[in-house]
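Geometric and topological summary
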Amino acid sequence: MNRLVFKLFLDPDAAIELEDIKNFDSSVYQSLKYLRDNNVEDDEYLEFYFQHEFNGEMYPLVPDGETTRVDDDNKESFITLKIEFMVKNFMMDQLNAIREGFEKLINIDLLFDFSDVEFGYL
C-alpha cells in the first residue's frame, strides 16, 4: 500500500497534497505537477477547466466548472479540488470498508500515535 492509503486510514479527513498522489496515480500526478510548475496562460495548447473526466463523463469540480478555465491565479485551487475529487470518489468507499474490518480486529485508537510513515512499517 502507498503512503496516501496509510495517511487516510489514520485520518480520513487529512489534507491531501500533490505529492501524496504520486504513487496513487502517477499520470495524474505528472500532469498536475506540470500544471503547477508552469505558466498556464502562456501555453496555447494547455487548456484545463474545473472538471474531471471519468469513463467518458465530465464531473464539475465547482459550480459551472465546465466553463471555468484554469489560469495561473486559480491553478492551486484546481489541483486541490481535483485531488480531493479523485480520492473521495475513487478511494474512500474501499478504504472505509477496510478500516471498518480492521477496527473489528484492533482498536484503531491505538494507531493514532503513529504517523502515516510509521504505520506503513507495521
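As shown above, the structure is provided for reference.
Attention in this report is confined to the structure presented alongside it. (Residues numbered from 1 in each chain as written. Predicted model: local features only at pLDDT ≥ 70, side-chain atom pairs only at ≥ 80, totals over all residues. Heavy atoms only, no water.)

All right, on to the overall build of the protein then. Check the secondary structure of the protein and you find 5 helices and 2 strands. Starting at the N terminus and walking to the C terminus, you meet the elements of the protein as α-α-β-β-α-α-α. With the C-alpha coordinates aligned to their principal axes, the bounding extent of the protein is approximately 55 × 25 × 20 Å. Counted over contacts in the protein with a minimum sequence separation of 6, partners at least 24 positions apart contribute 53%. By element, 48% of the accessible surface of the protein is carried by carbon and sulfur atoms, the whole surface being about 8,000 Å². (Helix = DSSP H or I, 4+ residues; strand = E, 2+ residues; numbered from the N terminus. Contact = heavy atoms within 4.5 Å. Areas by Shrake-Rupley, 256 points an atom, 1.4 Å probe, with all protein chains shown as cover.)

The two faces of a sheet get side chains in turn, since along a regular strand they alternate between them. Across 4 bridges, strand β1 (residues 51-54) lies against strand β2 (residues 57-60) in antiparallel orientation. If you follow Phe-54 over to β2, its bridge partner there is Glu-57. What sits between β1 and β2 in their antiparallel hairpin is a turn of 2 residues, with Asn-55 showing a positive phi close to 50 degrees. (Pairing = 2+ DSSP bridges.)

Across all of its chains, the model carries 6 aromatic pairs by this definition. A ring pair is formed by Phe-50 and Phe-78, whose centres lie 5.4 Å apart and whose planes are at 80 degrees; its orientation type is edge-to-face. Of the two residues, Phe-50 sits in the loop between α2 (26-37) and β1 while Phe-78 sits in helix α3 (residues 75-90), which places them 28 residues apart along the sequence. As far as the burial class goes, Phe-50 and Phe-78 line up, both buried. Considering the side-chain rings of Phe-54 and Phe-90, the 4.5 Å spacing of their centres and the 40 degrees angle between planes classify their relative orientation as tilted. Placement of Phe-54 in strand β1 and of Phe-90 in helix α3 is noted, with a sequence separation of 36 residues between them. A residue is classified by how much of its surface remains accessible, and Phe-54, at 35% relative accessible area, is partly exposed. One aromatic cluster in this structure is built from Phe-54, Tyr-59, Phe-85 and Phe-90. Cation over ring: Arg-99 sits above Phe-9, and NZ or CZ is 5.9 Å from the ring centre. (Phe/Tyr/Trp six-rings, centres within 6.5 Å; stacked < 30°, edge-to-face > 60°. Buried < 20%, exposed > 50% of the residue type's maximum accessible area, 1.4 Å probe, protein only. Lys NZ or Arg CZ within 6 Å of the ring centre and 35° of its normal.)

Below, the discussion takes up a nonpolar patch on the surface. A grouping of Leu-105, Ile-106 and Leu-110 is seen on the molecular surface, where their side chains present a nonpolar patch of about 330 Å² in accessible area. With respect to the helices and strands, the residue Ile-106 is situated in the loop between α4 (92-105) and α5 (116-121). On the accessibility criterion, Ile-106 (36% relative accessible area) is partly exposed. (Patch = residues over 30% accessible without salt bridge, like charges linked within 9 Å, V, L, I, M, F, W, Y side chains within 5 Å. Salt bridge = Lys/Arg side-chain N within 4 Å of Asp/Glu carboxyl O.)

Function cannot be inferred from these measures alone, as they are strictly geometric.
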